[in-house]
Amino acid sequence: MFFPAYGLNMLGDAAKIASVLTPPHHMNGNIKDMFVSAMATDRPAAVLVGLIKHQHSLHILMTRRAPHLATHAGQISFPGGKIETYDATPVDAALREAHEEVALQPDHVTILGSLSVLRSPAGFIVAPIVGMITADEGAVVKLAPDPAEVDDILLLPLDHMLDRQNYRRETHERDGVMRHTWVIDHPAHYIWGLSAAIIVELSDRLQTLSQTGAG
């Protein structure tokens, strides 16, 4: 998949989004310390919430996980995974995982900030790192799925994903516990759980811009 580069004309969008995010340098510590109810067995992880201009509007980069995976097979998710000991920060982990999963070059991502650290039912403490995907003028962003992890790369219109009319709550049972999860209605994909919760928070934060008249 190839996408044309967009540079200076995206600076306004990037600045507005960054203004409602947590500055990335705040994520340089142990993210387990940033979640009050973290358990000793929880594993730190990071995902990249990548935004890219496609067909003249912002889209959000997501993946459909490969069907043969032992966990979360076929689910719609963000590129990401466990923070390894050689990752200096959650940002480094998110960029590394995005490169491994969809071949996104780290230097094509401008980090804007982060959203709230979340805990997944699978026992991960997850840092959502938000970045704008661009390339130098005249260049292209090239993406390719790693078949070991990714079935397909998805670019979903940001306007649709942030529209609260597309949100609803569902109840799921896991390990005998009833859990309430977010679901984002989409004509082609079932987006739920942690990935949906991340998008809902991004929508909440960006809504403050229109409420305050910022931008």
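Residues numbered from 1 in each chain as written. Predicted model: local features only at pLDDT ≥ 70, side-chain atom pairs only at ≥ 80, totals over all residues. Heavy atoms only, no water.

Description of the packing of aromatic side chains
One pass over the structure, following the stated rule, counts two aromatic pairs. Here the guanidinium or amino end of Arg43 rests over the ring plane of Phe124, the centre of that ring lying 4.0 Å away. One cation-aromatic arrangement involves Arg169 over Trp182; the distance from NZ or CZ to the ring centre is 4.6 Å. (Phe/Tyr/Trp six-rings, centres within 6.5 Å; stacked < 30°, edge-to-face > 60°. Lys NZ or Arg CZ within 6 Å of the ring centre and 35° of its normal.)

A word on the sheet that holds strand S12 (residues 177–184)
What the three strands build is an open sheet, ordered S11-S12-S13; its pairing is antiparallel. The strands lining the two open edges of the sheet, one partner per strand, are strand S11 (167–174) and strand S13 (191–192). Relative to S12, S11 runs antiparallel, the two sharing eight bridges. Counted as the bridge partner of His172 is Arg179 from S12. (Pairing = 2+ DSSP bridges. Helix = DSSP H or I, 4+ residues; strand = E, 2+ residues; numbered from the N terminus.)

Some words on the layout of surface pockets
Volume-wise, the second largest pocket comes out at about 330 Å³. Taken together, Asp13, Lys16, Ile17, Ser57, Leu58, Leu158, Asp159, Leu162, Ser203, Leu206, Gln207 and Leu209 make up the lining of the second largest pocket. For the lining of the second largest pocket, the secondary-structure elements that each account for two or more residues are helix H1 (11–18), strand S3 (57–65), helix H3 (158–162) and helix H4 (193–212). Tallying contributions element by element places H4 first for the lining of the second largest pocket, with four residues. Across the lining of the second largest pocket, the residue classes tally to six nonpolar, three polar and three charged. (1 Å grid on protein atoms, 1.4 Å probe; cavity = no way out; pocket = protein on both sides within 12 Å on 5 of 7 lines; lining within 4 Å. Points joined across faces, edges and corners; volume = space filled by probe spheres on them. Nonpolar A, V, L, I, M, F, W, Y, C, P; charged D, E, K, R; others polar.)

Overview of the pattern of salt bridges
Within the structure shown, the criterion is met by ten salt bridges. In this structure, the salt-bridge partner of Arg96 is Glu97, at a minimum N-O distance of 3.3 Å. Across the pair, Glu97 and Arg96 agree in class, each one buried. A salt bridge links Arg205 to Glu201; the shortest N-O distance between them is 2.8 Å. (Salt bridge = Lys/Arg side-chain N within 4 Å of Asp/Glu carboxyl O. Buried < 20%, exposed > 50% of the residue type's maximum accessible area, 1.4 Å probe, protein only.)

Focus on empty space enclosed by the protein
A full pass over the atoms with the stated rule returns one cavity of 30 Å³ or more. Empty space within the largest cavity amounts to approximately 30 Å³. In terms of residue class, the lining of the largest cavity is built from two nonpolar, two polar and three charged.

Observations concerning the pairing of S3
Regular strands place their side chains on alternate faces of the sheet. As paired elements, strand S2 (residues 43–54) and S3 share five bridges and run antiparallel to each other. By the bridge assignment for S3, Lys53 is matched with Leu58. Once S2 ends, the chain turns through two residues before running back antiparallel as S3, passing Gln55 with a positive phi of about 55 degrees. One ladder, built from seven bridges, connects S3 with strand S10 (residues 150–157); its direction is antiparallel. When the sheet's bridge partners are listed, Arg65 is paired in S10 with Val150.

Considering the side chain of Thr181
With respect to the helices and strands, the residue Thr181 is situated in strand S12. Owing to a relative accessible area of 13%, Thr181 belongs among the buried residues under this scheme. Setting aside its immediate chain neighbours within four residues, Thr181 contacts Arg168, Arg169, Glu170, His172, Trp192 and Gly193. (Contact = heavy atoms within 4.5 Å.)

Considerations on unusual backbone geometry
Despite not being glycine, Ala103 shows a phi value in the positive range, around 65 degrees. Tracing the backbone shows Ala103 in the loop between helix H2 (90–102) and strand S6 (109–114).

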